[in-house]
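Fold and contact review
So the chains spell out like this:
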Amino acid sequence: MLNIPGGRQTRRGPGSPLRGRVAVVTGAARGVGEALARSLSGAGMHVALLGRERETLQVVARSLPGRNVCVESDITDRTALADAARRVEAELGPADVVVANAGIAVSGPFGSTAPELWQRVIDVNLIGSANTARAFLPQLTATRGYFLQIASTAAFGAAPMMSAYCASKAGAESFALALRGEVEPDRVQVGIAYLHWTGTDMLTGIDDDPVLEALRRNQPRPARRVHSPDQVAQWLTRGVARRAPHIYAPPWLRWCQPLRPLFPVLVARIARRELRDRPVDELSSPGEILGAGGRADWNSYRASPRDR
């Protein structure tokens with residue numbers, strides 16, 4: 001689906017450094033991806049929305065002010081992503097900005113989480129990000145573009161009951177750092193965005209999770225604040241415009257970087273105290289996928305034919 005409100009625009013307009021350029025956002029059907037697609041479109045970019053929920057993607061696409069295309073695509077499927085990349089280039093032009101945003105999460109004990117569900121989080125959040133970079137890297141090389149990896153403060157200190165999510169976000173950060181060194185000679189820049197508490201459907205019910213609720217409760221008051229996807233998208237858009245190597249949402253997180261060696265110790269201490277006081281049955285329930293987006297991906301994955 002291609003929308004061209006008001007006629008075709010030029011790719012390199014004056015004013016905003018983003019105006020007329022092409023952006024690709026994965027996980028664009030809802031949450032931060034949806035908000036970022038709106039923000040980038042509002043800044044004058046032509047936006048390609050990639051995601052698993054066709055109808056939801058189309059609703060978002062119809063609401064954008066600028067040219068766009070939406071492609072239903074599973075980022076763990078390299079063939080589907082390659083097809084998506086060809087379609088984006090054919091309909092909008094080569095990508096100047098690619099945002100690896102798609103992500104899912106599972107909450108629950110590692111031992112009680114279905115192995116296939118645990119691996120799906122790794123496949124989407126880590127392998128899917130690498131697949132996205134691989135599919136669009138030729139276009140980014142041609143445009144001397146910018147690849148943004150959405151990471152999380154989960155990479156700062158791993159929380160119990162969230163092992164797959166924390167492992168995947170730490171891995172995605174490391175992947176982006178390694179990729180940065182490889183593509184710099186081609187003048188492709190790589191950024192990493194660190195998101196803190198963000199009010200997406202993934203965060204719904206956070207206070208029912210014993211460890212996450214405790215971690216948030218024990219943080220300083222400013223660090224407990226849940227920021228809206230729209231606010232986070234504004235921070236991300238400013239970082240994209242600057243082709244920033246690091247984007248922090250909220251911005252004060254940058255001052256936490258020097259303290260990162262302390263975080264695993266602090267998280268472990270809080271987790272031990274909280275888990276010790278919880279009933280055994282509360283901590284042995286099966287792992288559950290968080291949010292409507294995660295459930296949509298998991299249901300589509302289980303319904304699709306696979307060779308295993």
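Bear in mind the structure is a predicted one, so any value in this text is a computation, not a measurement.

Here the focus is the overall build of the protein. Tallying secondary structure elements over the protein gives 10 helices and 10 strands in all. With 308 residues in all, the protein has 52% of them scored as buried. Long-range contacts, defined as pairs at least 24 residues apart, comprise 72% of the intrachain contacts of the protein with a sequence gap of at least 6. When the accessible surface of the protein is totalled, it reaches about 14,000 Å², and 54% of it is carbon and sulfur.

Moving on: helix 10 (residues 291-303). For helix 10, spanning 13 residues, the distance from its first C-alpha to its last is 18 Å, which sits close to the expected 18 Å at 1.5 Å a residue. Those residues of helix 10 not exposed but buried are Gly291, Gly294, Ala296, Asp297, Trp298 and Tyr301. Buried residues belonging to helix 10 abut helix 4 (115-143) and strand 10 (288-289).

Here we come to the nonpolar core. With 43 residues, the main nonpolar core has Val24, Ala48, Leu50, Val88, Val98, Phe136 and Phe147 as its most contacted residues. For this core, the element with the highest residue contribution is helix 4, accounting for 7 residues. Residue contacts for Ala48: discarding those within four places in its chain leaves Ala23, Val24, Val25, Val69, Val88 and Leu92. Within the second largest apolar cluster, 34 residues are counted, among which are Ala61, Ile150, Val232 and Ala233.

Along strand 7 (residues 146-152), 7 of the 7 residues are buried, which leaves the element largely enclosed by surrounding structure. Looking at chain direction, strand 5 (residues 97-100) and strand 7 are connected through 4 bridges and run parallel. Note that in strand 7 the partner of Ala100 across the bridge is Gln149. Summarising the sheet, strand 7 and strand 8 (residues 189-195) pair through 7 bridges and their orientation is parallel.

Let us now look at helix 4. Under the 1.5 Å per step criterion, the end-to-end length of helix 4 is 40 Å for 29 residues, consistent within 8% with the ideal 42 Å. Of all the bends in helix 4, the largest measures some 50° and sits at Phe136, one to four residues before the proline Pro138. Directly after helix 4, the chain includes Arg144, whose backbone phi takes a positive value near 55°.

Residue placement: Ala82 occurs in helix 3 (residues 78-91). Residue classification places Ala82 among the partly exposed residues on the basis of a relative accessible area of 26%. Distance in space between the C-alpha atoms of Ala82 and Thr132 is 8.7 Å, their sequence separation being 50 residues.

Overall, the coordinates contain 4 aromatic pairs when judged by the stated rule. Aromatic side chains Phe156 and Tyr194 sit 5.3 Å apart centroid to centroid with 50° between the ring planes, which places their arrangement in the tilted category. Here Phe156 is found in the loop between strand 7 and helix 5 (163-183), whereas its partner Tyr194 is found in strand 8, with 38 residues between them in sequence. When sorted by exposure, Phe156 lands in the same class as Tyr194, which is buried. With a centroid separation of 5.5 Å and 15° between ring planes, the pair formed by Tyr194 and Tyr248 is classed as stacked. Of this pair, Tyr194 sits in strand 8 while Tyr248 sits in strand 9 (residues 246-249); the two residues are 54 residues apart in sequence, bridging distant segments of the chain. According to the relative accessible area criterion, Tyr194 is buried, its value standing at 1%.

Before going further, it helps to examine the pattern of salt bridges. Pairs can form between side chains of opposite charge once their charged atoms are near each other. Evaluation of the coordinates by the stated rule reveals 11 salt bridges. When the shortest N-O distance is used, the salt bridge between Arg87 and Glu91 registers 2.9 Å. Residue Arg87 and its partner Glu91 are both found in helix 3; the two are separated by 4 residues, about one turn of the helix. Among the charged side chains, a salt-bridge network with shared partners connects Arg52, Asp74, Arg120 and Asp297.

Calculation notes
Residues numbered from 1 in each chain as written. Predicted model: local features only at pLDDT ≥ 70, side-chain atom pairs only at ≥ 80, totals over all residues. Heavy atoms only, no water. Helix = DSSP H or I, 4+ residues; strand = E, 2+ residues; numbered from the N terminus. Buried < 20%, exposed > 50% of the residue type's maximum accessible area, 1.4 Å probe, protein only. Contact = heavy atoms within 4.5 Å. Areas by Shrake-Rupley, 256 points an atom, 1.4 Å probe, with all protein chains shown as cover. Expected span 1.5 Å × (residues − 1). Core = buried A, V, L, I, M, F, W, Y, C linked by side-chain atoms within 4.5 Å. Pairing = 2+ DSSP bridges. Bend = angle between axes of the 7 residues up to and from the residue. Phe/Tyr/Trp six-rings, centres within 6.5 Å; stacked < 30°, edge-to-face > 60°. Salt bridge = Lys/Arg side-chain N within 4 Å of Asp/Glu carboxyl O.

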